[in-house]
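Fold and geometry: a report
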Amino acid sequence: MSVESKFIRVARVEEIPPGTVKAFELDFDRVAVVNLDGEFYAISDICTHEHAYLSEGEIIDGTIECPLHGSRFDIRTGRVLALPAVVPVKTYPVAVENGEIYVAPA
Ligand code: FES
């Protein structure tokens, strides 16, 4: 296959329908994979404010809202868009090939 070997297979495309998120425990991080209108993005699933899983929050207009105190992060860039968090979440490269989603360490 042409996906570089550092990419790790996490799911099939149909397991994460548009507008949904799924978390995966990978060697390098717990990663939230989000389907935004058919495009897949991967961010760290752990909020940078305290310990909460972003995959348990809501997806709103390209952002994900932390379920604990309501910080919002841009899913594409990891940027903070609403306090109390001030540190961006990490983003990870995603590849899709033959209906499979892959994530690589940043
Ligand atoms: S733990 Fe996410 S905003 Fe506080």
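Look up a bit, the structure's there.
Here goes a summary of the coordinates provided. Keep in mind the model is a prediction, meaning the values are calculated, not measured. (Residues numbered from 1 in each chain as written. Predicted model: local features only at pLDDT ≥ 70, side-chain atom pairs only at ≥ 80, totals over all residues. Heavy atoms only, no water.)

Quick look at the overall build of the protein
To keep it simple, the criterion reads: Numbering of helices and strands runs from the N terminus, with a helix taken as a DSSP run of H or I at least four residues long and a strand as a DSSP run of E at least two residues long. Atoms counted for the radius of gyration: C-alpha only. Globule rule: 2.2 Å times residue count to the power 0.38. Residues count as neighbours in contact if any of their non-hydrogen atoms are within 4.5 Å of one another.
The number of helices and strands found in the protein is zero helices and eleven strands. The N-to-C order of helical and strand elements in the protein reads β-β-β-β-β-β-β-β-β-β-β. By the compact-globule yardstick of 13 Å for 106 residues, the protein fits well, its C-alpha radius of gyration being 13 Å. Counting only C-alpha atoms and orienting by the principal axes, one finds that the protein spans roughly 40 × 25 × 20 Å. Residue pairs at least 24 apart in sequence account for 38% of intrachain contacts in the protein once pairs closer than 6 positions are excluded.

Observations regarding a nonpolar patch on the surface
Which entries qualify depends on this criterion: Residues enter patches when they are more than 30% accessible in relative terms and free of salt bridges; like-charged ones are connected within 9 Å and nonpolar ones (Val, Leu, Ile, Met, Phe, Trp, Tyr) within 5 Å. Reported accessibility uses the Shrake-Rupley method at a 1.4 Å probe radius. Residues are deemed covered only where the shown protein chains occlude them. Within this document, salt bridges are pairs made up of a side-chain nitrogen of Lys or Arg and a carboxyl oxygen of Asp or Glu, the two lying within 4 Å of each other. Exposure is judged per residue with a 1.4 Å probe applied to protein chains only, and the accessible area is read against the type maximum: over 50% gives exposed, under 20% gives buried, and values in between give partly exposed.
Taken together, the side chains of Leu 83, Val 86 and Val 87 present a nonpolar region at the surface, about 310 Å² in accessible area. Inspection of the secondary structure assignment puts Val 87 in the loop between strand E8 (80-82) and strand E9 (91-92). A residue is classified by how much of its surface remains accessible, and Val 87, at 44% relative accessible area, is partly exposed.

Examining the sheet that holds E8
Spelled out, the test is: DSSP calls a pair of strands paired once it identifies at least 2 bridges connecting them. Note on geometry: axes are C-alpha line fits, over the in-contact stretch for helices, and angles between N-to-C directions span 0 to 180 degrees.
Across the sheet, four strands lie side by side as E5-E6-E7-E8; this open sheet has antiparallel pairing. Only two strands of the sheet have a single neighbouring strand rather than two, namely strand E5 (58-60) and E8. Here the strands of the sheet are splayed against their neighbours by 30 degrees on average, with no regard to which way each runs. Here E5 pairs with strand E6 (residues 63-65) via three bridges, running antiparallel. Pairing of Ile 60 across the sheet is with Thr 63, part of E6.

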